[in-house]
Amino acid sequence: MTDLRVAVITGANRGIGKEILKSLASDGFVVIGTSRSQDGLGHINETINDIGAKGCGLEYDVNDKDSLPSLNSTIKDKFGPVSVLINNAGITKDNLLIRMNENEWNDVLDTNLNSIFRLSKEFVKDMMKLRYGRIINIGSVVGLTGNAGQTNYSATKSGILGFTKSLAKEVGSRNITVNSVSPGFIDTDMTNQLKDDQKNALIQSIPLGRMGTATELAKTVSFLASEEASYITGENINVNGGLYM
Ligand code: NAP
């Protein structure tokens, strides 16, 4: 099974992506964490060394179309074909629609959604040859509920749900599953941008009464990436403490 055990995680230098990398490494995967900065690569390689995992950090900005084939061939040459792709990298650029400019709209669409089209297209080809694969896209609760000030972000996260189901239908016959995991309110740099009163108000509306951890999110991803999740595809799993049911 060694040739089925190479996982790529985008935006793995911090937050949820870093915990997914650690969790997949502990499941025995060779882990390739990508980051758009040298500093981020340093963090990924440090994490990999600390936990004694096999794999490496590779520089890649998810908005870079041109270097995607060379990213893939570098991974293949070093470790073999990728069988698990975790589309995790994401950004917010919040604003009310009437104030949102084209850049705020396009940057979020490019990073959160267009990148998933490109990365999935690149890596699914080898999964089709392997006749095995797992693609897991990180969505958000706001892709299901909407959120004022996040028309751009929630459009990408709703888009991920439709993308996931459609690709799942295209590649199911090749034994490739495509799923999404939609986090609620997880304690990372992304939510640390919120003010304390905003956080407290949000926590009040969560039945489990607290924010989630990146590890809790990562363990759900680990399950979907495992061979045990072989009959789940086109599905979205909410990890949100009951914020949206
Ligand atoms: P985070 O702490 O802000 O980390 C985001 C990661 O994405 C970083 O590694 C960042 O790299 C990377 N990234 C952003 N733009 C990139 C680009 N163009 N190329 C490559 N990497 C890029 O956020 P997080 O909370 O871990 O979020 C991870 C995923 O979960 C995102 O898709 C987010 O939308 C989703 N999510 C999070 C929450 C939450 O409560 N935290 C809730 C719902 C959904 P840099 O370090 O270089 O910036």
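Residues numbered from 1 in each chain as written. Predicted model: local features only at pLDDT ≥ 70, side-chain atom pairs only at ≥ 80, totals over all residues. Heavy atoms only, no water.

Attention shifts here to the confidence of the model for the chain. Across the chain, pLDDT averages 97, with 98% of residues at or above 70. When mean pLDDT is taken per element in the chain, strand 5 (residues 133-138) scores highest with 99 and helix 7 (residues 189-192) scores lowest with 92. (pLDDT = per-residue confidence, 0-100. Helix = DSSP H or I, 4+ residues; strand = E, 2+ residues; numbered from the N terminus.)

Alignment of strand 2 (residues 30-35) against strand 3 (residues 55-59), held across five bridges, turns out to be parallel. Bridge assignment links Gly 33 to a residue of strand 3, and that residue is Gly 57. Once you follow strand 2 into helix 2 (residues 38-51) and on to strand 3, the crossover reads as right-handed. (Pairing = 2+ DSSP bridges. Right-handed = clockwise from strand over helix to strand, strands pointing away.)

The next thing to look at is the packing of helix 1 (residues 15-26) against helix 9 (residues 214-225). It is at 8 Å that the axes of helix 1 and helix 9 come closest, and there the two elements cross at 50 degrees. Here helix 1 is positioned oblique relative to helix 9, judged by the angle of their axes. Relative to helix 9, the crossing made by helix 1 is right-handed. Between helix 1 and helix 9, the residues in contact are Gly 15, Ile 16, Glu 19, Ile 20, Ser 23, Leu 24 and Ser 26 and Ala 214, Thr 215, Leu 217, Ala 218, Lys 219, Val 221, Ser 222 and Ala 225, respectively. When its residues are assigned to classes, the contact of helix 1 with helix 9 shows eight nonpolar, five polar and two charged. (Axes fitted to C-alpha atoms, helices over the stretch in contact; angles between N-to-C directions. Parallel < 35°, antiparallel > 145°, perpendicular 65-115°, else oblique. Left-handed = near helix turned anticlockwise from the far one by under 90°. Contact = heavy atoms within 4.5 Å. Nonpolar A, V, L, I, M, F, W, Y, C, P; charged D, E, K, R; others polar.)

A separate point is the packing of helix 3 (residues 68-79) against helix 4 (residues 102-130). Relative to each other, helix 3 and helix 4 sit at 40 degrees, their axes nearing to 10 Å. Pair helix 3 / helix 4 crosses with right-handed handedness. Judged by residue contacts, Leu 68, Pro 69, Leu 71, Asn 72, Ile 75 and Lys 76 of helix 3 engage Arg 118, Leu 119, Glu 122, Phe 123 and Asp 126 from helix 4.

Once that is clear, we can look at the sheet that holds strand 4 (residues 84-87). Adjacent strands of a sheet form backbone hydrogen bonds with each other and so pair up, either parallel or antiparallel. Read from one edge to the other, the open sheet built from seven strands follows the order 3-2-1-4-5-6-7, with strand pairing classed as parallel. The sheet is open, and its two edges are formed by strand 3 and strand 7 (236-239), each paired on a single side. Within this sheet the neighbouring strands show an average axis-to-axis angle of 15 degrees, counted without direction. Together, strand 2 and strand 3 form the strand contacts of helix 2, whose direction differs from that of strand 3 by roughly 175 degrees.

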